[in-house]
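Structure at a glance
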Amino acid sequence: MKFKADYYTRKSHYWNEDRIIVSSSFGIVIDGATPLIKTSKINYANYLVKHIKNNINKVNGDVSTRLEFLARDVAHKLDLKSSEVSKLPSASLSYFEIKDDIVHIGILGDCEAVVRFKDGSLKRYYDDRLSHFDSEVIKERKTMCLKHGCKMDEVRQYILPHLITNRNKANKDDGYYALVASKDYEYKEIGFDININDVEEIYLYSDGYSSIFTTFDIYKDYMDAFKNDIDVKAEIAKIVDVAYKDKHTDKYPRLKTIDDISLLKACFDNIE
């Protein structure tokens, strides 16, 4: 079955650590994470997601096989030797892949998917472990702000050790799944299979977009956010507007003013 895709990614800096990939049988949203302990001036996260987007259609196999190969490939090209994820480029991602009469959805980290079924129902596919760790850090930010008398956006130096601890939990039993540019990386995901004949639309998005209902009060929950047809660019513009009105993150506590934001909408219904 074919699908029609509409998508947009908005960078938060002059570089973009998000990427959206659309092929004939799959769609992917990737949210790269730069090393917290930097050993190079290269933006490793941007390098990782760019390499995946530029080369995923040059590699054979299903999406998970290609992602594992390309993550290892980046590690070899950059000669990355560390075993600590906090020193390596990594990424969260969500994807769908058409396999005969099945649509497979894969989730790593805090990227998500929402499926609109032909019966009108919605279902959110996600893993909340990474967002749980982030919420703990956000709480710590408040404590550190009071302790050191600084603004929310000035406290990063005090919470960095906690961020490093959380990053190093990637692909550990007490952590969460992430794509990591490591020479011995083994791909793991939370996966779901859906009958393609039941699907009307699939939305893939980074955590920059899920903030529209998890962080800001634009929508009360995902059901509210996806209940109507979505104009991809217009919805992202709503996040940008609210985020910059709270530049110092005082009203809506979060780790940064604004993140890279990516949203992919794939329509499966009535596609010739």
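Refer to the structure printed above.
Everything quoted here is computed from the prediction, not taken from an experiment.

One open sheet holds the 5 strands; their spatial order is E1-E11-E10-E6-E7, and the pairing between them is antiparallel. Taken across any chain shown, the strands that pair with only one partner, and hence form the sheet edges, are strand E1 (4-10) and strand E7 (122-125). Shown here is a sheet whose adjacent strand axes are inclined to one another by a mean of 15 degrees, direction ignored. With 5 bridges joining them, strand E10 (residues 199-205) and strand E11 (residues 261-267) adopt antiparallel strand pairing. Following the sheet pairing, Leu 204 is matched in E11 by Leu 264. Along the sheet, helix H7 (residues 232-245) contacts E1 and E11; its crossing angle with E1, the most-contacted strand, is approximately 20 degrees.

Here we take up the packing of helix H5 (residues 207-214) against H7. Contact geometry of H5 with H7 gives a least axis separation of 10 Å together with a crossing angle of 75 degrees. With respect to H7, the element H5 is oriented roughly perpendicular. Seen from H5, the contacting residues are Gly 208, Tyr 209, Ser 211 and Ile 212; seen from H7, they are Glu 235, Ile 236 and Ile 239.

As a rule of thumb, non-glycine residues mostly have phi less than zero, and peptide bonds are mostly trans rather than cis. Positive phi values are uncommon outside glycine, yet Asn 171 reaches one of about 65 degrees. With respect to the element layout, Asn 171 can be found in the loop between helix H4 (156-167) and strand E8 (179-180). The residue Thr 249 is not glycine, and still its phi comes out positive at about 60 degrees. With respect to the helices and strands, Thr 249 occurs in the loop between H7 and E11.

Quick look at the pattern of salt bridges now. For the structure on display, the rule yields 15 salt bridges. In this structure, Lys 99 and Asp 62 form a salt bridge, with 3.8 Å as the shortest nitrogen-oxygen distance. Taken together, the residues span a long stretch of sequence, with Lys 99 in strand E4 (residues 90-99) and Asp 62 in the loop between helix H1 (44-55) and helix H2 (63-77) at a distance of 37 residues. The exposure class of Lys 99 is partly exposed, given its relative accessible area of 35%. With relative accessibility at 26%, the residue Asp 62 sits in the partly exposed group. Here Glu 112 ties to Arg 124 by a salt bridge, and the two come within 2.8 Å at their closest N and O atoms. Pair noted here: Glu 112 is in strand E6 (residues 112-117) and Arg 124 is in strand E7, with a separation of 12 residues, a long-range link. The residues Glu 112 and Arg 124 share a single accessibility class, namely buried.

Assignment of secondary structure puts Lys 265 in strand E11. In this structure Lys 265 comes out as buried when scored by relative accessible area, which is 7%. As a C-alpha pair, Lys 265 and Gln 157 span 108 residues in sequence and 37 Å in three-dimensional space. Aside from chain neighbours lying at most four places away, what touches Lys 265 is Lys 4, Ala 5, Asp 6, Glu 201, Ile 202, Tyr 203, Asp 229, Ile 230 and Val 232. A distance of 2.6 Å separates polar atoms of two side chains, one belonging to Lys 265 and the other to Asp 229.

Reading the values: the criteria
Residues numbered from 1 in each chain as written. Predicted model: local features only at pLDDT ≥ 70, side-chain atom pairs only at ≥ 80, totals over all residues. Heavy atoms only, no water. Pairing = 2+ DSSP bridges. Helix = DSSP H or I, 4+ residues; strand = E, 2+ residues; numbered from the N terminus. Axes fitted to C-alpha atoms, helices over the stretch in contact; angles between N-to-C directions. Contact = heavy atoms within 4.5 Å. Parallel < 35°, antiparallel > 145°, perpendicular 65-115°, else oblique. Salt bridge = Lys/Arg side-chain N within 4 Å of Asp/Glu carboxyl O. Buried < 20%, exposed > 50% of the residue type's maximum accessible area, 1.4 Å probe, protein only. Polar contact = N/O pair within 3.5 Å; in protein donor to acceptor, adjacent residues only side chain to side chain.

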